[in-house]
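Here are the chains, one letter per residue:
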Amino acid sequence: MAVSNSIAKKAPQQQSAAVVFMAGSEEIKLTPAMVKAYLVSGDNTAVTDQEITMFMMMCKANHLNPWIREAYCIKYGTQPATMVVGKDAFLKRAERHPQYDGMTSGIIVLNDSGVEYRTGLLKFPDEQILGGWAEVFRKDRTHSTRIEVSFEEYAGKKKDGTLNNQWATKPATMIRKVAQVQALKEAFPDDLGGMYTAEEQGVEETAPTNVPQIEMTEAEAVKKPAKKAADSEPIPADDEGDSLL
């Protein structure tokens, strides 16, 4: 996610600045200490002040509540941090829109009979997943928004070229998520544009394991730092429970 030079230059001076905004009916307060201690998945010791500022600004601009996994930051080693929005956040925001009229989705498989478009996630052992599809309906449009995505284009892979754990074990779930998010963003560009899920960015979909209660203060966050990645393995967000806004 691109960040303006002005924000990047100000990041070091804003290390202790709090960001306060509304996410739904909740008033959210974020500080760099809170983000670093509780909202970074992977190596929180490697995340930079600039990346923390970027994450806080993303949450504020999109009214995302990171304490309920609507957004989180993924950081591994020297790689740039990835700002992730949960799929459920997209679904919740779309459902709040007065013109939203439902969505259907599924997977595209190749079997002995040829290519089949299937609703849902059912895949038989002898079938190959080619992609996913989703169709979003709006009350104010005569035509639906339908998206089809290729499995090869989005499948998350490790450095050695093999699929990462989630794409290897739950390929149907993962590619359908991509299709759903893509369709929702195209149907509601003003509300959902500019946000990306872990699946779209090719990273392992993990959420922080030590998120505190929303009432957690900055002083408490500083006293109780997050565990390092080496101490505990991040727990993947619920496959169907991760979301968008």
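Being a predicted model, the structure only gives us computed values, none of them experimental.

About the criteria used
Residues numbered from 1 in each chain as written. Predicted model: local features only at pLDDT ≥ 70, side-chain atom pairs only at ≥ 80, totals over all residues. Heavy atoms only, no water. Pairing = 2+ DSSP bridges. Helix = DSSP H or I, 4+ residues; strand = E, 2+ residues; numbered from the N terminus. Axes fitted to C-alpha atoms, helices over the stretch in contact; angles between N-to-C directions. Contact = heavy atoms within 4.5 Å. Salt bridge = Lys/Arg side-chain N within 4 Å of Asp/Glu carboxyl O. Buried < 20%, exposed > 50% of the residue type's maximum accessible area, 1.4 Å probe, protein only. 1 Å grid on protein atoms, 1.4 Å probe; cavity = no way out; pocket = protein on both sides within 12 Å on 5 of 7 lines; lining within 4 Å. Points joined across faces, edges and corners; volume = space filled by probe spheres on them. Nonpolar A, V, L, I, M, F, W, Y, C, P; charged D, E, K, R; others polar.

1. Focus: the sheet that holds strand β7 (residues 114-119)
- If you trace the four strands from one edge of the open sheet to the other, you get β7-β6-β8-β9, paired in antiparallel fashion. Looking along the sheet, the strands with just one partner apiece sit at the ends: β7 and β9 (145-150). Strand-to-strand twist of the sheet, defined as the mean angle between neighbouring strand axes without regard to direction, takes the value 20°.
- Alignment of strand β6 (residues 100-111) against β7, held across six bridges, turns out to be antiparallel. Looking across to β7, one finds that Ile108 is bridged to Tyr117.
- Along the sheet, helix α7 (residues 171-187) makes contact with β6, β8 (128-138) and β9, crossing β8 at roughly 30°.

2. Some remarks on the pattern of salt bridges
- One pass over the structure, following the stated rule, counts 10 salt bridges.
- Residue Asp140 is joined to Arg138 by a salt bridge in which the shortest nitrogen-to-oxygen separation is 2.8 Å.
- The exposure class assigned to Asp140 is partly exposed, which follows from its relative accessible area of 44%.
- With a shortest N-O distance of 2.9 Å, Glu200 and Lys185 are connected by a salt bridge. With Glu200 in helix α9 (residues 198-201) and Lys185 in helix α7, this pair connects stretches of sequence that are 15 residues apart.

3. Observations concerning the pairing of β9
- The side-chain alternation of β9 yields one buried face, formed by Thr145, Ile147 and Val149, and one unburied face, formed by Arg146, Glu148 and Ser150.
- Bridge count for β8 against β9 is six bridges, and the pairing is antiparallel. Bridged to Ala134 within β9 is Ile147.
- Taken together, β8 and the strand that follows it, β9, pair antiparallel across an intervening segment of six residues.

4. Quick word on the sheet that holds strand β3 (residues 40-42)
- Ordered in space as β3-β4-β5, the three strands form an open sheet in which the pairing is mixed. Two strands bound the open sheet, and with one partner strand each, they are β3 and β5 (82-85). This sheet shows a mean twist of 35° between the axes of neighbouring strands, independent of strand direction.
- In terms of strand pairing, β3 meets strand β4 (residues 71-75) through three bridges, oriented parallel.

5. Here we look at the layout of surface pockets
- What the largest pocket holds in volume is close to 420 Å³.
- Forming the boundary of the largest pocket are 14 residues, of which Tyr76, Lys157, Gly202, Val203 and Glu204 lie nearest the centre.
- Of the residues in the lining of the largest pocket, the class split is four nonpolar, five polar and five charged.

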